[in-house]
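# An overview of the molecular structure
Chain by chain, the residues:
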Amino acid sequence: AKEIFTINASRLNFLDIDPFYILERGILSTEIDKISSVTIKWNKEQHTLSVTRPGGDAENRYLIDGKVASREVFEEIAEEIAEIEYIGRAEENAENTRDIVINVSYIGGIPSQELSLAKSKHNDKNYVLFVRGKAEYTVESEAVQEVIEEIQKAINSPVKPRGV
């Protein structure tokens, strides 16, 4: 029984969706447990967070600028970075001033990322996110500022007592 059904094209309008709205929204290319290091540069500051995962029963070792850090502190910063979400497409003619640069290295052969952020010329509450040097998305300045604040707290107190 070969049957053919037809439907009016106007009933399929819901399929006309901009792919941007179904993208994964976070700036990281994978989960935070796959991160091996993150280097963040802004103004004249540069800080590196890293984790060594020896495997087996050995515990992971977390560092901030080469100093021992707690897992909690490392994860808080990584989560803040992961919470930076795309809020829109990049504005046209955005200039990559590299106000903030985030380099993320991953384990397991996952390609590293270089993300650079330039203050938006049209909205001071946003940054333009450049991926591999190309303007791609807009992100909120507030989320970026939260990352910087979390890093500054971690530099002052890299080992957070458990349960705090």
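A brief look at the structure comes next. (Residues numbered from 1 in each chain as written. Predicted model: local features only at pLDDT ≥ 70, side-chain atom pairs only at ≥ 80, totals over all residues. Heavy atoms only, no water.)

For helix α1 (residues 71-82), built from twelve residues, the straight-helix expectation of 16 Å at 1.5 Å per residue is met to within 8% by its first-to-last C-alpha distance of 16 Å. Of all the residues in α1, the buried ones are E72, V73, F74, I77, A78, E80 and I81. Residues of α1 that are buried in the fold lie against β1 (35-42), β2 (45-52), β3 (61-64) and α2 (141-156). (Helix = DSSP H or I, 4+ residues; strand = E, 2+ residues; numbered from the N terminus. Expected span 1.5 Å × (residues − 1). Buried < 20%, exposed > 50% of the residue type's maximum accessible area, 1.4 Å probe, protein only. Contact = heavy atoms within 4.5 Å.)

Moving on: the pairing of β1. With seven of eight residues buried, β1 lies mostly within the body of the structure. With seven bridges connecting them, β1 and strand β6 (residues 100-106) associate as antiparallel partners. The residue bridging I35 from the neighbouring strand is Y106, located in β6. Note: β1 against β2, six bridges, orientation antiparallel. Bridge pairing in β2 places W42 opposite E45. Here β1 folds back onto β2, and the loop between the two strands holds two residues, one of which, N43, carries a positive phi near 45 degrees. (Pairing = 2+ DSSP bridges.)

On to the side chain of S116. Following the sequence through the fold, S116 ends up in strand β7 (residues 113-119). Within the structure, S116 has its side chain in polar contact with the side chain of N96 (distance 3.1 Å). Contacts of S116, omitting those with residues within four sequence positions, involve N96, R98, I100, V101, V128, L129 and F130. (Polar contact = N/O pair within 3.5 Å; in protein donor to acceptor, adjacent residues only side chain to side chain.)

Before going further, it helps to examine a negative patch on the surface. Where like charges cluster on the molecular surface, the negative patch consists of E79, E83, E85, E140, E142, E146 and E149. Among the elements that line the negative patch, the one with the most residues is α2, at three residues. Residue placement: E85 occurs in the loop between α1 and β5 (86-89). Look at E85 and you get partly exposed, because its relative accessible area is 43%. (Patch = residues over 30% accessible without salt bridge, like charges linked within 9 Å, V, L, I, M, F, W, Y side chains within 5 Å. Areas by Shrake-Rupley, 256 points an atom, 1.4 Å probe, with all protein chains shown as cover. Salt bridge = Lys/Arg side-chain N within 4 Å of Asp/Glu carboxyl O. Lys, Arg positive; Asp, Glu negative; His and termini not counted. Charge placed at Lys NZ, Arg CZ, Asp CG, Glu CD.)

Turning to α2, a few remarks are in order. When the terminal C-alpha atoms of α2 are compared, their 23 Å separation across 16 residues agrees well with the 22 Å that a helix rising 1.5 Å per residue should span. Turning to α2, its buried residues are S141, A143, V144, V147, I148, E150, I151 and A154.

Under the counting rule described, the total for this entry stands at two aromatic pairs. With a centroid separation of 5.2 Å and an interplanar angle of 45 degrees, the aromatic rings of Y62 and F74 are classed as tilted. Here F74 lies in helix α1 and Y62 lies in strand β3, a separation of twelve residues in the sequence. Directly above the ring of Y127 sits K119, whose terminal nitrogen or CZ lies 4.7 Å from the centroid. (Phe/Tyr/Trp six-rings, centres within 6.5 Å; stacked < 30°, edge-to-face > 60°. Lys NZ or Arg CZ within 6 Å of the ring centre and 35° of its normal.)

What follows deals with the nonpolar core. I27, I40, I100, I102 and L129 are the most contacted members of the largest nonpolar core, which has 35 residues in total. The greatest single-element share of this core, amounting to six residues, is contributed by α2. Every residue in contact with I100, bar those within four places of it in the chain, is listed here: I40, K41, W42, L115, S116, L117, Y127, V144 and I148. (Core = buried A, V, L, I, M, F, W, Y, C linked by side-chain atoms within 4.5 Å.)

Where α1 contacts α2, the two axes come as close as 9 Å, and the packing angle between them is 170 degrees. Between α1 and α2, the angle is such that the two are roughly antiparallel. The two elements α1 and α2 meet at a crossing, and its hand is left-handed. Residues V73, E76, I77, E80 and I81 of α1 lie in contact with α2, whose contacting residues are E146, V147, E150, I151 and A154. (Axes fitted to C-alpha atoms, helices over the stretch in contact; angles between N-to-C directions. Parallel < 35°, antiparallel > 145°, perpendicular 65-115°, else oblique. Left-handed = near helix turned anticlockwise from the far one by under 90°.)

Here the phi dihedral of D65 falls at roughly 50 degrees; this positive angle occurs in a residue that is not glycine. Note on placement: D65 falls in the loop between β3 and β4 (67-69). Classification of D65 as partly exposed rests on a relative accessible area of 35%. Notably, R98 is not glycine yet its phi reads approximately 50 degrees, a positive angle.

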